[in-house]
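Remarks on the overall topology
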Number of protein chains: 2
Amino acid sequence: MSQYTEYLENYGKRAKKAAAELAVLPVQIKNNILRTAADMLVSNSAEIIAANNLDLENAKTNGMSVSMQDRLRLTEARLEGMADGLLKLVALKDPVGNVIGGHTCENGLQIIKKTVPLGVLGIIFEARPNVTADAAGLSIKSGNACILRGGKEAINSNLAVAKIFSQALEANGVSPDCVQLIDNTSREVATELMQMNKYVDVLIPRGGRGLIESVVKNSTVPVIQTGTGNCHIYVDEDADLKMALDVIINAKTQRPSVCNAVETVLISSVIADIFIPAMARELIERNTQLRVCKETMSAIKASGCENIDMSYVIEAQDADWDTEYNDYILALKIVNDVDEAISHINEHGTRHSEAIITENFTTAVKFQELVDASCVYVNASTRFTDGFEFGLGAEIGISNQKLHARGPMGLCELTTYKYIINGKGQIRK
Amino acid sequence: MSQYTEYLENYGKRAKKAAAELAVLPVQIKNNILRTAADMLVSNSAEIIAANNLDLENAKTNGMSVSMQDRLRLTEARLEGMADGLLKLVALKDPVGNVIGGHTCENGLQIIKKTVPLGVLGIIFEARPNVTADAAGLSIKSGNACILRGGKEAINSNLAVAKIFSQALEANGVSPDCVQLIDNTSREVATELMQMNKYVDVLIPRGGRGLIESVVKNSTVPVIQTGTGNCHIYVDEDADLKMALDVIINAKTQRPSVCNAVETVLISSVIADIFIPAMARELIERNTQLRVCKETMSAIKASGCENIDMSYVIEAQDADWDTEYNDYILALKIVNDVDEAISHINEHGTRHSEAIITENFTTAVKFQELVDASCVYVNASTRFTDGFEFGLGAEIGISNQKLHARGPMGLCELTTYKYIINGKGQIRK
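Model, not experiment: these values are computed from the prediction. (Residues numbered from 1 in each chain as written. Chains lettered and ligands numbered in written order. Predicted model: local features only at pLDDT ≥ 70, side-chain atom pairs only at ≥ 80, totals over all residues. Heavy atoms only, no water.)

1. What to know about the overall build of chain A
The helix and strand inventory of chain A stands at 14 helices and 16 strands. Against the 2.2 N^0.38 benchmark of 22 Å for 429 residues, chain A shows a C-alpha radius of gyration of 24 Å, consistent with a compact globule. Along the first, second and third principal axes, the C-alpha set of chain A runs to 75 × 70 × 40 Å. Sorting the 429 residues of chain A into buried and exposed places 59% on the buried side. Accessible area for chain A stands at about 16,600 Å²; split by element, carbon and sulfur atoms hold 49% of it. (Helix = DSSP H or I, 4+ residues; strand = E, 2+ residues; numbered from the N terminus. Rg over C-alpha atoms; globule rule 2.2 N^0.38 Å. Buried < 20%, exposed > 50% of the residue type's maximum accessible area, 1.4 Å probe, protein only. Areas by Shrake-Rupley, 256 points an atom, 1.4 Å probe, with all protein chains shown as cover.)

Printed below as a string of structure tokens:
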């Protein structure tokens, strides 16, 4: 209990009530809400952009970095992108009400296992206002009410976007409380939300490691951990080295800021001398700093460093093996064999996406069996771990915990199930 | 970090290593371990019973209630029952390594979704030593290493049973660390286990509400909440009243100590006057105390109380609607209609098992759609919510949370999945 308990319970009670309505809403109406919201994001763009400008002015006053300001900025094009995301959800199959099992018992009881929404989602996110539309859309389509708590940097933008959803819900005769945004962005309110077990069924934090760790530590509501990706690629002695180089360049430099980008490359000692100098050259050409183990440093130096700008090569510290850079930085380490690679990954990885490059069947199978991660690749870039690439059609995040959903989470992963049991008066003997 | 960190990390590290071995163990060997353990539980019964006697002596000295002493006691027959439970697991299908999805992407990437063990289970339980064998058996068959932490009252019995599993694992050439029992039963150690995220993948508390609440509050490791069941039966105005009476008597009195027993009966006001006096008579005859709302009290009194021992009938307090009695006590409340019944259940229930007795199709469907619980029955006793009754073949508990598994949890619910992705050098455009 705190000064915020009543304030938050008010959100909770309304969400719970709205969730009951949304849980049994025909998909036609859910789709109509999404269509209305998509239209309104575009037709109300002036109003939303004006709210966003308030946030941007505050950001400048508070000295927010230019790249963070860019994440915060909403434009006509970005609003159209958000609207387009909602229309893509319309095209997806309803994840609710699907019969996923069932049988008739010996005593005649008929059991049906059926997908149902989770109920009320608490979604805690940082400074990107597009998450508001994204999370609200996924919640509506999956039949869940949501309580959104965004960062204070984007509060005006978030309120403007959330208002669109309230209006779109009302326009379709559905409770506007299906999507609520908390207007108090204090840390205390966020912490209390994490403990509102009576009203919130599941918490999904979307943001950096700090946010996720805080939610895991403080929450008593069940959490789905998403996002942190300390991903590895192991280049085996039997690798096609041309393929290895292409995959590493892609996984590191195509979009380094995302969770499925590679952070550490492990190299078999057998091919280290031939492979490492070539790889170093290509990555440094792409502006990537290398943090290397002692053996890797020796291998680079022994190669004569031809065309290698050594200012990009620094010695790795222990902490590098556990760091998700999300940047043009790559850690490199030589290992003896696939076993050492697997041990390193299971010790330092975040159970997200891990890859091996090899032509050896038995080595490939061993790696896939023994590496503990949601997605284990042979001969492909870790960058494919994504709801759209996996054919889920949408994504709320990438889970790297083992309970409930693992890997990319789409609409189905926002549902649970319920047993419907029909009898004729059966009693237990 | 505490004085126990190193002590517990020792369990954690060994469990993690053993889990990697167990995760890929062929089912033949897992079954052999279970068979060996079953044999040894019986052939070493004298040693186990001697250890149990130490616990029973301490229990007497400490004034443990006779019924609790009975729960703690191991006999030849109970050890045979535990062995039999392990042999039943042998007969079940391996839940690991099943392909549950997959497709080939447009770019040729081949995605396979495959069941894998959760990893390391932390199982915290109270004074029943049979849980040690039960939990160890389920863990082994599902490919999970487990760290067991039982109550101090049963420590000697638990250690003796856990030793059987170590020996059975070793006899089959598998690490004995697949099953470890923590020998320090202090509360501090339990709390630290709940926060050992690096080594424990999932926590499953098995016990009373106090234990479960403590785990939910203190744990940073993902938890599966099991067990608390404040179950309701609503007798609709269109009920077959003979059926309603039979089902209520069964759900309350066949085994009142379990979580799927009914705790509150809601009665439509339309049939209250005819139904309540008859029900009261039958339940009181079976020694059941009734805690009744004011309207129920009036209905009983208006009936003339013929053959009703009114010392069994007391007025309900607000707390009664939230109480899981696990005893010969039943709360009774008159409601206006199915809507009020649904509201009451969603407000006071624990999302476990809820039933309606009705002949009306539309009312039945409404109840099943709108009641938020893992198992929603029409015209049957709530007592059927059980892994064996549901055909899962075994049960680690009944989940009443919405993440991961809901309702009875068998072997499959002790697994997660992993995506295996095979490519030919694909990179992300």
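2. Quick word on the interface of chain A and chain B
Each side of the interface is counted separately: chain A has 71 residues, and chain B has 71 residues. Regarding the contact of chain A and chain B, the summed buried area is about 5,700 Å², with carbon and sulfur atoms giving 53% of it. Considering only the surface of chain A that becomes buried against chain B, Lys402(A), Leu403(A) and Arg428(A) emerge as the three largest contributors, covering 15% of it. Linking chain A to chain B there are 8 salt bridges. Between Arg428(A) and Asp386(B) there is a salt bridge, and its shortest N-O distance comes to 3.7 Å. Inspection of the chain A/chain B interface yields 45 residue pairs in polar contact (both at pLDDT 80 or more). Going through the elements one at a time, helix H1 (5-23), strand S2 (110-117), helix H9 (209-218), helix H10 (241-253), helix H14 (361-370), strand S13 (375-380) and strand S16 (415-426) of chain A are the ones with two or more residues in the side of chain A that touches chain B. Residues belonging to the side of chain A that touches chain B are distributed by class as follows: 32 nonpolar, 19 polar and 20 charged. For S16(A) and strand S13 (residues 375-380) of chain B, the ladder comprises 5 bridges, and the chain directions are parallel. Across the sheet, Ile421(A) pairs through a bridge with Tyr377(B), a residue of S13(B). (Contact = heavy atoms within 4.5 Å. Buried area = accessible area lost by both parts, 1.4 Å probe. Salt bridge = Lys/Arg side-chain N within 4 Å of Asp/Glu carboxyl O. Polar contact = N/O pair within 3.5 Å; in protein donor to acceptor, adjacent residues only side chain to side chain. Nonpolar A, V, L, I, M, F, W, Y, C, P; charged D, E, K, R; others polar. Pairing = 2+ DSSP bridges.)

3. A few points about the pairing of strand S3 (residues 120-125) of chain A
Every other side chain in a regular strand lies on the same face of the sheet, so the side chains alternate between the two faces. Residues and elements named next belong to chain A. With respect to burial, S3 is a largely interior element, 6 of its 6 residues being buried. Burial along S3 is two-sided: Val-120, Gly-122 and Ile-124 facing one way and Leu-121, Ile-123 and Phe-125 facing the other are all buried. Direction of pairing for S3 relative to strand S4 (residues 145-149): parallel, over a ladder of 5 bridges. Paired with Val-120 across the bridge in S4 is Ala-145. One crossover worth recording links S3 to the parallel S4 by way of helix H6 (residues 130-141), and it is right-handed. Note that S3 and strand S6 (residues 202-206) share 5 bridges and pair parallel. By the bridge assignment, Gly-122 is partnered in S6 with Leu-203. (Right-handed = clockwise from strand over helix to strand, strands pointing away.)

4. Some details on the state of the cysteines
All names here are of chain A. Summed over the entire model, instances satisfying the criterion amount to 0 disulfides over all chains. Of all cysteine sulfurs, the one in Cys-146 lies closest to Cys-178, which takes part in no disulfide; the gap is 8.5 Å. Of the residues examined, Cys-178 reaches a relative accessible area of 0% and is grouped as buried. Here Cys-293 is not disulfide-linked; the sulfur of Cys-305 is the nearest cysteine sulfur, at 15 Å. Of the residues examined, Cys-293 reaches a relative accessible area of 8% and is grouped as buried. (Disulfide = S-S within 2.5 Å.)

5. Some remarks on the environment of Ser67(A)
All names here are of chain A. Counting through the fold element by element, Ser-67 comes out in helix H4 (residues 66-72). Judged by relative accessible area, Ser-67 falls into the exposed class, the value being 52%. Taking the C-alpha atoms as reference points, Ser-67 and Lys-418, separated by 351 residues in sequence, lie 45 Å from one another.

6. As for the relation of the copies chain A and chain B
Turning chain A through 180 degrees and shifting it by 0.0 Å along the axis lays it on chain B, with an RMSD of 0.0 Å. Overall, the copies show the geometry of a two-fold rotation axis. Judged by C-alpha distance, His404(A) is the residue of chain A that lies nearest the rotation axis, at 1.7 Å. Take the interface residues of chain A: 100% of them recur as interface residues in chain B, which is what a same-surface contact looks like. (Least-squares fit on C-alpha atoms with pLDDT ≥ 70 in both.)

7. Some points on the sheet that holds S6(A)
All names here are of chain A. Pairing within the open sheet is parallel, and its 4 strands lie in the order S5-S4-S3-S6. What marks the edges here is a single partner per strand, and that holds for strand S5 (179-181) and S6. Ignoring which end each strand starts from, the neighbouring axes of this sheet average 20 degrees apart. Relative to S5, S4 runs parallel, the two sharing 3 bridges. By the bridge assignment, Leu-148 is partnered in S5 with Leu-181. Most of the contacts of H1 go to S4, to which it runs at about 145 degrees, and overall it touches S3, S4 and S5. (Axes fitted to C-alpha atoms, helices over the stretch in contact; angles between N-to-C directions.)

8. Looking at the sheet that holds strand S7 (residues 231-235) of chain A
Taken in spatial order, the 10 strands make up an open sheet running S10(A)-S9(A)-S11(A)-S8(A)-S7(A)-S12(A)-S13(A)-S16(B)-S2(B)-S1(B), and their pairing is mixed. At either end of the open sheet lies a strand with only one pairing partner, and these are strand S10 (313-315) of chain A together with strand S1 (99-104) of chain B. With direction set aside, neighbouring strand axes in the sheet form an average angle of 20 degrees. Taken together, the 4 bridges between strand S12 (residues 353-357) of chain A and S13(A) define a ladder with parallel strand orientation. Directly across from Ala355(A), in S13(A), lies its bridge partner Tyr377(A).

9. Considering the packing of aromatic side chains
All names here are of chain B. A complete count under the given rule lists 6 aromatic pairs over all chains for this structure. When the centroid spacing of 5.3 Å and the interplanar angle of 75 degrees are considered together, the rings of Tyr-7 and Tyr-11 count as edge-to-face. Residue Tyr-7 and its partner Tyr-11 are located together in helix H1 (residues 5-23), separated by 4 residues, close to a single helical turn. (Phe/Tyr/Trp six-rings, centres within 6.5 Å; stacked < 30°, edge-to-face > 60°.)

10. Observations regarding a negative patch on the surface
Together, Glu237(A), Asp238(A), Asp240(A), Asp337(A) and Glu359(A) make up a region of like negative charge exposed at the surface. Within the secondary structure layout, Asp240(A) lies in the loop between S7 and H10. (Patch = residues over 30% accessible without salt bridge, like charges linked within 9 Å, V, L, I, M, F, W, Y side chains within 5 Å. Lys, Arg positive; Asp, Glu negative; His and termini not counted. Charge placed at Lys NZ, Arg CZ, Asp CG, Glu CD.)

11. Thoughts on the packing of helix H11 (residues 272-285) of chain A against helix H12 (residues 294-302) of chain A
Residue and element names in this part refer to chain A. Running from N to C, H11 and H12 point in directions that differ by 80 degrees, and their axes come no closer than 9 Å. By the angle between their axes, H11 is roughly perpendicular relative to H12. Together, Asp-273, Ile-276, Pro-277 and Ala-280 of H11 and Thr-296, Ala-299 and Ile-300 of H12 make up the contact between the two elements. (Parallel < 35°, antiparallel > 145°, perpendicular 65-115°, else oblique.)

12. Quick look at H10(A)
Residue and element names in this part refer to chain A. Its 13 residues give H10 an end-to-end C-alpha distance of 18 Å, which sits within 8% of 18 Å, the value for a rise of 1.5 Å per residue. Most of H10 sits out of view: 10 of its 13 residues are buried. If you check which residues of H10 are buried, you get Met-243, Ala-244, Leu-245, Val-247, Ile-248, Ile-249, Asn-250, Ala-251, Lys-252 and Thr-253. Measuring from the backbone nitrogen of Lys-242 back to the side-chain oxygen at the start of H10 gives 3.1 Å, which picks out Asp-240 as the cap. (Expected span 1.5 Å × (residues − 1).)

13. Comments concerning the pairing of strand S4 (residues 145-149) of chain B
All names here are of chain B. With 5 of its 5 residues buried, S4 lies for the most part within the structure. Residues Ala-145, Ile-147 and Arg-149 of S4 are buried on one face, and the alternating residues Cys-146 and Leu-148, pointing to the opposite face, are buried as well. Taking the sense of rotation as the criterion, the β-α-β connection linking S4, helix H7 (residues 155-171) and strand S5 (residues 179-181) turns out right-handed.

14. Structural notes on the pattern of salt bridges
What the rule picks out here adds up to 41 salt bridges over all chains. Linking Asp201(A) and Lys16(A) is a salt bridge whose minimum nitrogen-to-oxygen distance equals 3.1 Å. Highlighted residues: Asp201(A) in the loop between helix H8 (187-193) and S6 and Lys16(A) in helix H1, separated in sequence by 185 residues. On the accessibility criterion, Asp201(A) (12% relative accessible area) is buried. With a closest N to O distance of 2.9 Å, Lys402(B) and Asp372(B) form a salt bridge. Note that Lys402(B) is positioned in the loop between strand S14 (397-399) and strand S15 (407-409) and Asp372(B) in the loop between helix H14 (361-370) and S13, a separation of 30 residues in sequence. Lys402(B) gets classed as buried once you look at its relative accessible area, which sits at 6%.

15. Quick word on unusual backbone geometry
All names here are of chain A. One non-glycine residue with positive phi stands out, namely Asn-307, at about 60 degrees. We classify Asn-307 as exposed; its relative accessible area is 64%. Non-glycine residue Asn-379 carries a positive phi angle of around 55 degrees. Of note, Asn-379 is situated in strand S13.

Purely geometric numbers; function is a separate question.
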